[in-house]
Amino acid sequence: MRFVHVADVHLDTPFTGRSDAVRRRLRDASREAFRRAVDLAIREEVHALLIAGDLFDGDRLSFTTERFLLEQAGRLADHGITVVYATGNHDPGSSDTGPRLLDWPSNVHVVGDATPSKVLVTTRSGEAVGYVNAIGHAGPSESDDLSRALPRPAADLPEVGLLHTQVHSSVGSADHHPYAPSELTYLLRAGYDYWALGHVHLRQELADDPPIWYAGSLQGRTHAERGERGALLVDLTDRSGPTVAFRPLAPVRWETVTVDRLDSVSSLDELERQVQVAWENQRSSESGAADVEWMVRVVLTGPCPLWGTLRGDEDRDLLASELREILGALEVTVLSEGVHPVLALDDHRERVDVLGEALRLAAAVRAGDTPLKNLDPADLVGIVTDEPASLARYVRELLEDADGEIAAHLLDPQSS
Ligand SMILES: [Mn+2]
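Residues numbered from 1 in each chain as written. Predicted model: local features only at pLDDT ≥ 70, side-chain atom pairs only at ≥ 80, totals over all residues. Heavy atoms only, no water.

## A short note on the environment of glutamate 205
Here's step 1: On the secondary structure map, glutamate 205 appears in strand β11 (residues 204-208).
Here's step 2: Separated by 10 residues in the primary sequence, glutamate 205 and alanine 215 have C-alpha atoms spaced 8.5 Å apart.
Here's step 3: For glutamate 205, the residues in contact, after removing those within four places along its chain, are Ile212 and Trp213. (Helix = DSSP H or I, 4+ residues; strand = E, 2+ residues; numbered from the N terminus. Contact = heavy atoms within 4.5 Å.)

What follows is the structure, encoded as structure tokens:
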């Protein structure tokens, strides 16, 4: 059995807080990525397309997406490709407007609740090549370990488990809600030839024998989802040597570039050149960067003569919009909170003034010889702890590289 494994497509994500044009492009990009996954399935003549949940972002399904999905399902039907779609927490099967209600063609199997479904996959001519065992989320906060409800496989043909789940040990799982939690140790001994997983948006191989994979999000949606995104092409024909290959498909990529050599930059043009050079250097060291559009976050940090200007929204917006042109990006966001004055901090540390006092205090706290006994916890917004040691550790972390920032705040007449 050969198939394409995708997950976390999140069609119709609202992308609030972005411009209309960018929002529209990102919504299109999610569909485009899915269309490319369908293209891949057809081109590679696979037997099945597996969707491991969160095909939709939420209840509201746009007309464009409804038309689009039925069209793509029809293309797969024309090529005799089976689709198995197990729902996730974003697109649960019980929803009133959810995925189950579309008029899917008969090649599409939607598994929208905790009743396991065993789907026979065949070649175009009807020869059986494997089974997909799928189970879905009925509601938005499934708390059961659904993996345990899937049946033991028979031995005759390759069998796959398809599931939207949070596997305890996966990288980045702490960033996701622990819905339908499962244990890697159980998945490993369940007897399947492959586990096609969704939920954690970072693509990763949890095991290689049998292969257990998160496909990751098909198209990144925030700066937290950087890097190449796409689908997995899986071949279980040789059951003792299965292959899994990543195929990048996302038309839009999210990346962050950090620029920290700004000590001698004293004009907008120079600053833009520095960012451009840093961006191009970063691009040249990466593969697979051709033919994509970029959502770029530029992080400016360290000493810079322009630090005061960079504190202003208006100036930062102008810089971002010019950088968008220069880098040829879809959107550029500039973060400049880490920029501070070019100062001989050591000189200031010696002085008997407020800045000198603040720098000496910060150094003392970092060194751990100040008990922080005069800090009223109520002043430390967001910190809830009764434990002085962890409070001290937290404050020390805050002050780790803070000298420049402290100086900026105390020297900036506009800083509050
Ligand atoms: Mn998701």
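## Describing the environment of glutamate 397
Here's step 1: In this structure, glutamate 397 sits in helix α8 (residues 388-398).
Here's step 2: Put simply, glutamate 397 and valine 365 are 32 residues apart on the chain and 9.8 Å apart in space, counted from C-alpha to C-alpha.

## Considering the coordination of the manganese ion
Here's step 1: The protein atoms donating to the manganese ion are Asp8 (OD), His10 (NE2), Asp54 (OD) and His201 (NE2), with metal-donor distances spanning 2.1 to 2.3 Å.
Here's step 2: Sequence positions of the residues that donate to the manganese ion give the spacing D-x1-H-x43-D-x146-H. Pair check on accessibility: aspartate 8 and histidine 10 agree, each one buried. (Donors = N, O, S within 2.8 Å, 3.2 Å for Na, K, Ca; no water. Buried < 20%, exposed > 50% of the residue type's maximum accessible area, 1.4 Å probe, protein only.)

## Some thoughts on the domain arrangement of the protein
Here's step 1: In terms of domains, the protein is made up of domain 1 (2-248), domain 2 (252-340) and domain 3 (345-411).
Here's step 2: Each of domain 1 and domain 3 has a C-alpha centre, and the two are 48 Å apart. (Domains from an automatic or database assignment.)

## With respect to helix α7 (residues 354-367)
Here's step 1: Its 14 residues give α7 an end-to-end C-alpha distance of 20 Å, which sits within 8% of 20 Å, the value for a rise of 1.5 Å per residue.
Here's step 2: Buried residues of α7: Leu355, Gly356, Leu359, Ala362 and Val365, and no others.
Here's step 3: Positive phi appears at glycine 368, one or two residues downstream of α7, with a value of about 85°. (Expected span 1.5 Å × (residues − 1).)

## Side note on the sheet that holds strand β7 (residues 159-164)
Here's step 1: In space, the six strands of this open sheet follow the order β5-β6-β7-β10-β12-β11, with mixed pairing throughout. What marks the edges here is a single partner per strand, and that holds for β5 (117-122) and β11. Along the sheet, successive strands turn relative to each other by an average axial angle of 20°, direction set aside.
Here's step 2: With four bridges joining them, strand β6 (residues 128-134) and β7 adopt parallel strand pairing. Directly across from alanine 134, in β7, lies its bridge partner leucine 162. (Pairing = 2+ DSSP bridges. Axes fitted to C-alpha atoms, helices over the stretch in contact; angles between N-to-C directions.)

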